[in-house]
Amino acid sequence: MSEDIKKFLYVNRKAPYGTIYALESLEVVLIGAAFDQDVSLAFLDDGVFQLTKGQDTKEIGVKNFSPTFRALGDYEVTKLFVERESLDERGLSADDLQDIVWEDEDDDYAEKPSIRIISRAEMADIMADQDVILSF
Amino acid sequence: MSYDVNGTTVEHDEEGYITNLGDWTEDLANVIATAEEVDMNDEHWAVVNFLREYYEEYQIAPAVRVLIKSIKKSMGPEIGNNKYMYELFPYGPAKQACKIAGLPKPTGCV
Amino acid sequence: MATLHTVNKSPFATGALLSCIAHAKDGDTVLMIEDGVYGASSGTNVSDALTARAGSVTLCVLGPDFAARGLATDRMLDGIKSVDYAGFVELAASNDRTQAWL
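All of the points below concern the structure found in this document. (Residues numbered from 1 in each chain as written. Chains lettered and ligands numbered in written order. Predicted model: local features only at pLDDT ≥ 70, side-chain atom pairs only at ≥ 80, totals over all residues. Heavy atoms only, no water.)

**Here we look at the interface of chain B and chain A**
For clarity, the cut-off: The contact rule is simple, with two residues in contact once any of their heavy atoms fall within 4.5 Å. By buried area we mean the combined loss of accessible area, with a 1.4 Å probe, across both parts when two parts are placed together. Any carboxyl oxygen of Asp or Glu within 4 Å of a side-chain nitrogen of Lys or Arg constitutes a salt bridge here. Whenever a nitrogen or oxygen atom comes within 3.5 Å of another N or O atom, the pair is scored as a polar contact, on the condition that within protein one atom can donate a hydrogen and the other can accept it, and that pairs from neighbouring residues in sequence are kept only if both atoms are in side chains. The secondary structure listing takes helices from DSSP runs of H or I that are at least 4 residues long and strands from runs of E that are at least 2 residues long, numbered from the N terminus. Any residue that is not Ala, Val, Leu, Ile, Met, Phe, Trp, Tyr, Cys, Pro, Asp, Glu, Lys or Arg is counted as polar, Gly included; the first ten are nonpolar and the last four charged.
With 15 residues of chain B in contact, the opposing surface of chain A contributes 17 residues. The junction of chain B with chain A conceals about 1300 Å² of combined surface from both sides, 52% of it contributed by carbon and sulfur atoms. Counting across the interface, chain B meets chain A through 2 salt bridges. Between Lys73 of chain B and Glu103 of chain A there is a salt bridge, and its shortest N-O distance comes to 2.9 Å. Inspection of the chain B/chain A interface yields 8 residue pairs in polar contact (both at pLDDT 80 or more). Of all the secondary structure elements, the ones that give two or more residues to the side of chain B that touches chain A are helix 2 (42–58) and helix 3 (64–75) of chain B. Residue classes in the side of chain B that touches chain A are distributed as 8 nonpolar, 3 polar and 4 charged.

As structure tokens, this is what we get:
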């Protein structure tokens, strides 16, 4: 099995509700998680808006899917890379993002953070290190 | 297409999933379970309640392996295993239990 | 270990082209397609940013998309290479991965 594991990166560059990209990406991630690959998610440009806390869609008649990001740990998706420059450009900081954690079964179910804030240069390195990049 | 719960009708789709998630009651769960030929016991209810709580928190119905892993953690490996879950819900713990729990069909099920 | 990046939006509508060239590594190829080809014109407000990377990143434009939009070849930014559909396939095959900047 292990030799078949590929590195998949889902690149998210769109805000959550103006287009369907963000929700589609999340659904593909959840379905794709069944294939036991090495999955990472990248959030850059307007994609960082997907992870902000306090989203409330009641009045616009669409589903608020931001809580679903917190379920990703159950699907062994534990690497959410967020680009610092994209946050800065939008007047955001790490404190504006949801707390997203995963439970490490091998460490007595200790909760560990899934979000990792990285620089643009580090994001470029991560992109260059993938077998497959899926863009949304 | 609808279920009849003590004289009130609750709409469902062609596969039996209710249309309006807010229509769910425990009485409705019993009606759906009867239609599915599932005789609800405490363990069925534990799974159904877990699914409803999971949906409330994360806005999705969990995939079956996520469900089983979570049940194993909360209720122990005697209940939280593939075989036992399929004994409780012969048509699939995620698909059938979600239907009884009044949730949409889990993402990834066809 | 190089990447083919495709950009299919006008740089005057979205930041995709600029984000792409900011993330592309030396040795990568950036191919402008569909409305992305507007970025290949000279004298625009993204020309300098593209020219700055032209030495380290291979900049390409899909010729048929460029021609379709009535963009004159003599207005193409220096250092950009025009490829046809076969060239597009060749680029996809010769790079290790493709990343679409939507």
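From this point on, the discussion continues.
**Some words on helix 3 of chain B**
All names here are of chain B. Here is the rule we go by: Expected helix span is taken as 1.5 Å per residue step, with the number of steps being one fewer than the number of residues. Only protein chains enter the accessibility calculation, which uses a 1.4 Å probe; a residue is then buried when its area is under 20% of its type maximum, exposed when over 50%, and partly exposed in between.
For helix 3, spanning 12 residues, the distance from its first C-alpha to its last is 16 Å, which sits close to the expected 16 Å at 1.5 Å a residue. Every buried residue belonging to helix 3 is among Val66, Leu67, Ile68, Ser70 and Ile71, and all of these are buried. Here the buried face of helix 3 lies against helix 2, helix 4 (82–88) and helix 5 (93–100). Count one or two residues on from helix 3 and you reach Gly76, which has phi positive near 95°.

**Quick word on the packing of helix 2 of chain B against helix 3 of chain B**
Residue and element names in this part refer to chain B. Formally: Orientation is described by lines fitted to C-alpha atoms, with helices fitted over the stretch in contact, and by angles between N-to-C directions that extend from 0 to 180 degrees. Any angle that falls under 35 degrees is termed roughly parallel, while one over 145 is termed roughly antiparallel, one within 65 to 115 roughly perpendicular, and all others oblique. For any helix crossing, the convention is left-handed if the near helix is rotated counterclockwise from the far helix by under a right angle, and right-handed if that rotation is clockwise.
It is the contact of helix 2 with helix 3, at a shortest axis distance of 11 Å, that shows an interaxial angle of 115°. Taken together, the axes of helix 2 and helix 3 lie roughly perpendicular to each other. Both helix 2 and helix 3 take part in a crossing whose hand is right-handed. Note on element contacts: helix 3 touches helix 2 through Val66, Leu67, Ser70, Ile71 and Met75, opposite Ala46, Val47, Phe50, Leu51 and Tyr54. Per-class residue counts for the contact of helix 2 with helix 3 are 9 nonpolar, 1 polar and no charged.

**With respect to the sheet that holds strand 1 (residues 7–12) of chain A**
All names here are of chain A. Selection rule: When DSSP finds two or more bridges between two strands, those strands count as paired.
The 5 strands lie next to each other as 6-3-2-1-7, forming an open sheet whose pairing is parallel. Lying at the two open borders of the sheet, with one neighbouring strand each, are strand 6 (115–118) and strand 7 (132–135). Here the average twist between neighbouring strands, direction ignored, is 25°. Two elements, strand 1 and strand 7, share 4 bridges in a ladder whose sense is parallel. Each bridged residue has a counterpart across the sheet, and for Phe8 the counterpart in strand 7 is Val132. Contacts from helix 1 (residues 21–32) reach strand 1 and strand 2 (38–43) within the one sheet, and its direction differs from that of strand 1 by about 165°.

**Quick look at the pairing of strand 2 (residues 8–11) of chain B**
Residues and elements named next belong to chain B. Both strand 1 (residues 2–5) and strand 2 contribute to a ladder of 4 bridges, which runs antiparallel. Its bridge partner being in strand 2, Tyr3 is matched across the sheet by Val10. Where strand 1 hands over to strand 2, the hairpin turn is made up of 2 residues, of which Asn6 adopts a positive phi near 50°.

**Concerning the pattern of salt bridges**
Scanning the entire structure with this criterion turns up 19 salt bridges over all chains. With a shortest N-O distance of 3.2 Å, Lys105 of chain B and Glu15 of chain B are connected by a salt bridge. Highlighted residues: Lys105 of chain B in the segment after helix 5 and Glu15 of chain B in the loop between strand 2 and helix 1 (26–35), separated in sequence by 90 residues. Here Asp26 of chain C makes a salt bridge to Arg53 of chain C, at a shortest N to O gap of 3.1 Å. Of this pair, Asp26 of chain C sits in the loop between helix 1 (16–23) and strand 2 (29–32) while Arg53 of chain C sits in helix 2 (residues 47–53), and the two are 27 residues apart along the sequence. The class for Asp26 of chain C is exposed, based on a relative accessible area of 60%. Overall, the relative accessible area of 17% leaves Arg53 of chain C in the buried class.

**A look at the interface of chain A and chain C**
Taken residue by residue, the interface counts 18 residues in chain A and 13 residues in chain C. With both sides pooled, the region where chain A packs onto chain C buries about 1300 Å², and carbon together with sulfur makes up 51% of that total. Across the chain A-chain C interface, the total number found is 1 salt bridge. Taking the shortest distance from any N to any O, the salt bridge between Asp125 of chain A and Lys25 of chain C comes out at 2.2 Å. Here chain A and chain C share 8 residue pairs in polar contact (both at pLDDT 80 or more) between them. It is helix 3 (residues 120–128) of chain A that contributes the most residues to the side of chain A that touches chain C, 6 residues altogether. Across the side of chain A that touches chain C, the residue classes tally to 9 nonpolar, 2 polar and 7 charged.

Interpretation note: all reported values are geometric properties and have no functional meaning in isolation.
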